Structure formats: C-alpha cells, structure tokens
Amino acid sequence: MSLRVLYIGGTGNISTACVEMSLARGHAVSLLNRGRSEHAFEGAVERVHGDRNDQALLRQVAARGPYDVIVNFLGFNTSQLESDIAAFSGRVGQYVFISSASVYQKPPEHYLITEATPLRNPFWEYARHKIACEELLWHSHAAQAFPMTIVRPSYTYGPTWIPAAIGGHGYTLVDRIRKGRPIVSHGDGSSLWVVTHASDFARGLLGLFGQPRALGESFHITSDEVFNWDQIYRALGSAAGRSPEIVHVPSDFIAAVEPAFAGTLLGDKAHSVVFDNSKIKRFVPDFRATVGLAEGLARSLAWYDFDASRQVVDREADERLDRIVRLHRRGLVSEAAS
C-alpha cells in the first residue's frame, strides 16, 4: 500500500531506519527537519528544511497535504504538539507521536510492562514532558477526533549508536574497552533490560500505518530479547574484540557524582523492565524482532571501524566515567559535589 508519509525528523538514530523502510515499501516520503544530516535516501524524499517549532512553516507544510500518515519524532513538549494539532487537523489520516517507554511508572510495581502500566516518572523531566504530550493527544482525540496513535520505543539503537546506560551512545565506551580502561555498570549489573535494533522497530511502526483501528491507541515496540546490563557490556566487548573491565557502582552514587546522569538512570535504566509486546503483535501480526544483540552490536562496530574519523571520543563523558570510578574506588561519596 503506497502512502504519503511526512516525517518530522527523519534522519536520527531511529527515524532513519523508518524512512528507509518507507521508501522500500513505495511510500511517497517527505521530511521536515533542519537538514543537518545527509543520508543515502537523499534525492528519494521531499525535503523541507526548517525548524519544526516555526508555526508558519508548519502551516506551509500542512498546506501541501493531505498526508496519509505524519510521524513526529521531534515532539518534546506540549507547545510543539499544540502547534501540530492546529496545523494538521483535517489534513492527516493518522498522526503518530513517538513518545518513550520511559513514561512508564518508575520505579515499576511489576517488571513486566504492558500498555496498561501507569505513566509516572518523578525522576526524569524528559519523560514527564512526554507524558504531558500524550495527555494532550488523548484529550484532542476525545474532543475533536484528532487521529492520533502513540508509539513508545524503549532503548533503540542503529548502526551509529552504541548501547550504554552510562557514558553516552557514541564510540567512547568502545574506546575504553579496547584500551583496557574500566567502564561503569550501575548497581550489580544484574538489572534486566531490552535493547531493540532500529530496523526491527521500523517494521512494527510501519505496520501500524494506515490502520484505522490503531487510532486512539498506544503501543510500545521492542525486542523480546532480555539481558542484564553486564551481559550487554560483555556482548559489546565481544564485538569490540576485548573483554571489558566492568566496575559496579550503585545508581544513587552515580547520580550524586554526576547529576546529569540522574534522569536517564534513576528514571529509566536503573530499573529492571521487560516489555510485553502482545499488543503490537495483535495489530501487526508479522512483527517480530530479528536482529539479535550480537548481530546489532557487530553492525554498529563495523560502522565505526569502517572509517577512523567516526571514532570520536567524548572527552567530557570520558572524564565523567573516570571520576565515577575514582570516587567509587575511594569510597568518597562526600566528594561527589566537589
């Protein structure tokens, strides 16, 4: 089924795979973004360069409609969603908001997450903004039949992304592993987690396109593979060619030493979560995650190793990891603020 699809974003870690799959399925694809990233699908899509927060630009893009599907990867606050609803009402068959699985209750009352799990995250402002966006969409759907679908990815990665709970998603952790330097695993490394390859997420997302029964519904889309964080890091070491030196540090200690990590850790990755994907499979019967962790990490390392210029170490993140390890080994919680 050929659809006219507008991606708000479209060149990021997750959205690139979705655009590539849309093109492979014969969709007429438009992208609205700042045009800072070049990709292999250049020339195959209609590009609108500009700030998604520019309301006049949104109205211009809407006037080029109607669209069968709009997918918003760049919605982080209710002001943005209000602008989208105002611009695209009556000009879209399905508006897909990319939320986040971090909206689910933290700490969770049960490790198994379904779409019925309460939304509450007192630890992370990012997640609270996503919750507010979802609430606005639910209201708009009920009040004016705005044709929304909410999709919540959890930790999703692609070729340019290295899964990590602490230290960023770039090459930094791989560099530390290959040089025999320690990496940090929160807690005792045994908390359960799910990482999903972007190509698998894309299959689930695109399966929802054009489904009338998906309107007014929410979904998370993740892999069914479950690992603890130490297993993830050992798999990364295997892909990198060297066994990692893992230092276990309590999550609260990490948050105290480096408050910048507090939200994404205490509000997300410090907790064991496993996702029940029954709902997305009911709506998209052929959905299943096929890229396992070992294969996905091998793809990411191959991307970085293909071109040495990609192997950029984030010096700030590197120093933060050194600081966490140093203070933890010295047992000096009191120095966390120094």
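Refer to the structure presented above.
Colleague: Just to check I follow, could you spell out the packing of helix H7 (residues 229-240) against helix H11 (residues 293-306) for this structure?
Modeller: When two helices pack together, their arrangement is given by the angle between the helix axes and the distance between those axes. For the pair H7 and H11, interaxial distance at closest approach is 9 Å and the crossing angle is 50°. In terms of axis orientation, H7 runs oblique to H11. Taken as a pair, H7 and H11 cross one another with a handedness that is right-handed. Taking contact as the criterion, the partners of Ile-232, Ala-235, Leu-236, Ala-239 and Ala-240 in H7 are, on H11, Leu-293, Leu-297, Ala-298 and Leu-301. Partitioned by chemical class, the residues of the contact of H7 with H11 number nine nonpolar, no polar and no charged.

Colleague: I would appreciate a short explanation of the packing of helix H2 (residues 55-63) against helix H3 (residues 78-88) in the present structure.
Modeller: Viewed as axis vectors pointing N to C, H2 and H3 meet at an angle of 35°, and their least axial separation amounts to 9 Å. In this structure, H2 crosses over H3, and the sense of that crossing is right-handed. When H2 is examined against H3, the residues Gln-55, Leu-58, Arg-59, Val-61 and Ala-62 are found in contact with a partner set consisting of Ser-83, Asp-84, Ala-87 and Phe-88. Residue composition of the contact of H2 with H3, grouped by class: five nonpolar, two polar and two charged.

Colleague: Which parts of the structure should I look at to understand the environment of Phe-88?
Modeller: Note on placement: Phe-88 falls in helix H3. Sequence separation between Phe-88 and Gly-241 is 153 residues; the distance between their C-alpha atoms is 49 Å. Residue contacts for Phe-88: discarding those within four places in its chain leaves Leu-6, Ile-8, Leu-58, Val-61, Ala-62, Ile-70 and Phe-146.

Rules used in this analysis
Residues numbered from 1 in each chain as written. Predicted model: local features only at pLDDT ≥ 70, side-chain atom pairs only at ≥ 80, totals over all residues. Heavy atoms only, no water. Axes fitted to C-alpha atoms, helices over the stretch in contact; angles between N-to-C directions. Helix = DSSP H or I, 4+ residues; strand = E, 2+ residues; numbered from the N terminus. Parallel < 35°, antiparallel > 145°, perpendicular 65-115°, else oblique. Left-handed = near helix turned anticlockwise from the far one by under 90°. Contact = heavy atoms within 4.5 Å. Nonpolar A, V, L, I, M, F, W, Y, C, P; charged D, E, K, R; others polar.

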